[in-house]
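Secondary and tertiary structure notes
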Amino acid sequence: MASKASPARKARGAAAPSHNEASVFGRTEPGAAWLEAWPGGRPPRLTVDTSALNARGSVPAMNLIERWAAEGRVELFVPPEVLEEARAHRGRKGRAMYAAKARALDGGIRAAGEGDAAAGGMTPEEAGAILFPHTQPGRMTPSQRRDARIVALHRRMGNDVFLTLDTRHFIQKGRRERLAARGVRVMTPAEFAAWAAGRMG
């Protein structure tokens, strides 16, 4: 008898999006939102969070996105903080695996100048206030500060989607909606794969 996949495993690999489209796109008309949000004349640019590195190749949706990247249909960016976090993995084998995957995924997109933050960008302090609203700036942990820097860099670069499997820190309790209001579209790999599949062909 074939074993049944756990609900968590199904969620990681599911193609169907679980989000409310208005929370991601800031609109209530799904068709128009999807059309307007797709970048014109270039591949979508995706920022990859540490949780979405997929070092073991065990996340089907991320495997698909990586294939699209290899085909030039999307561009991936791995922030320096993500590479730093991968190198700090607690296990030696995991550390090498995650660091190697972070380097392999980075498509070479480079950050814009610091002055871009004034043109609709976001500072790490602003990102931290959205992600951790109940934590005073001076009391943030190194991990929280790193998350804030990653989101701020994503926004400053103007990338299209922030990919993460860390729903607790980037999606839940209104975080996705608050980030969307500041121009940061957060999706899980499964959500992006479902959103993009029709346009990828």
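Everything below is about the structure printed above this text.
All values derive from a computational prediction rather than experimental measurement. (Residues numbered from 1 in each chain as written. Predicted model: local features only at pLDDT ≥ 70, side-chain atom pairs only at ≥ 80, totals over all residues. Heavy atoms only, no water.)

**Description of the sheet that holds strand S4 (residues 186-187)**
Spelled out, the test is: We call two strands paired when DSSP finds no fewer than two bridges between them. A helix here means a DSSP run of H or I that spans at least four residues, while a strand means a run of E at least two residues long, and both kinds are numbered starting from the N terminus. Between two residues, a contact is recorded if the distance between any of their heavy atoms is within 4.5 Å. Angles run from 0 to 180 degrees between N-to-C directions of axes, and those axes are lines fitted to C-alpha atoms, restricted for helices to the stretch in contact.
Pairing is parallel across the open sheet formed by four strands, whose spatial order is S2-S1-S3-S4. In this open sheet, the two strands that pair with only one neighbour each are strand S2 (75-77) and S4. With three bridges connecting them, strand S1 (residues 45-48) and S2 associate as parallel partners. The partner of Thr47 across the bridge, within S2, is Phe77. Contacts between helix H8 (residues 142-157) and the sheet are confined to S1, S2 and strand S3 (161-163), with S3 contributing the most and set at about 150° to the helix.

**Details of the side chain of Thr47**
Selection criterion: Throughout, exposure labels follow a simple rule: accessible area from a 1.4 Å probe, protein chains only, divided by the maximum for the residue type, with under 20% read as buried, over 50% as exposed, and the rest as partly exposed.
Within the secondary structure, Thr47 sits in strand S1. Exposure remark for Thr47: the relative accessible area of 0% places this residue in the buried category. Those residues within four positions of Thr47 in sequence are excluded, and the remaining contacts are Phe77, Pro79, His154, Asn159, Val161, Phe162 and Leu163.

**Let's talk about the packing of aromatic side chains**
Keep this limit in mind: Note on aromatic contacts: the rings of Phe and Tyr and the six-membered ring of Trp form a pair at centre separations within 6.5 Å, being stacked when their planes are under 30 degrees apart, edge-to-face when over 60 apart, and tilted otherwise.
Applying the stated criterion to the full structure yields three aromatic pairs. Relative to Phe170, the ring of Phe162 has its centre 5.0 Å away and its plane inclined at 45°; by these criteria the two rings are tilted. With relative accessibility at 0%, the residue Phe162 sits in the buried group. Judged by relative accessible area, which is 0%, Phe170 ranks as buried. Following the ring pairs from residue to residue traces out a cluster consisting of Trp68, Phe192 and Trp195.

**Some points on the pattern of salt bridges**
Our working definition: Salt bridge, as used here, is a side-chain nitrogen of Lys or Arg placed within 4 Å of a carboxyl oxygen of Asp or Glu.
Taken as a whole and assessed by the stated rule, the structure comprises eight salt bridges. Glu75 is the partner of Arg45 in a salt bridge, and the nearest nitrogen-oxygen pair spans 3.4 Å. In this pair, Arg45 sits in strand S1 while Glu75 sits in strand S2, placing the two residues 30 residues apart along the sequence. Since its relative accessible area comes to 27%, Arg45 is described here as partly exposed. We note a salt bridge from Glu126 to Arg182, for which the minimum N-O separation is 3.4 Å. Here the residue Glu126 occupies a position in helix H7 (residues 124-131), and Arg182 occupies one in the loop between helix H10 (175-181) and S4, the gap between them amounting to 56 residues. Residue classification places Glu126 among the partly exposed positions, given a relative accessible area of 34%. Under the relative-accessibility criterion, Arg182 is labelled partly exposed at 30%. Each of Arg67, Glu71 and Arg73 takes part in one network of salt bridges that share partners.

**Thoughts on the environment of Ala196**
The residue Ala196 is located in helix H11 (residues 189-200) in this model. For Ala196, a relative accessible area of 0% translates into the label buried. Here the alpha-carbon distance between Ala196 and Pro44, two residues 152 residues apart in the chain, equals 9.3 Å. Each residue touching Ala196, except ones within four places of it in the same chain, is listed here: Trp38 and Trp68.

**Describing the pairing of S1**
Convention followed: By convention a crossover is right-handed if, when the strands point away from the viewer, the path from the first strand over the helix to the second runs clockwise.
Traced from S1 through helix H4 (residues 60-70) to S2, the parallel crossover comes out right-handed. Where S1 lies against S3, three bridges are found, and the strand directions are parallel. Paired with Leu46 across the two strands is Val161, which belongs to S3.

In short, shape yes, function no, at least from these values alone.
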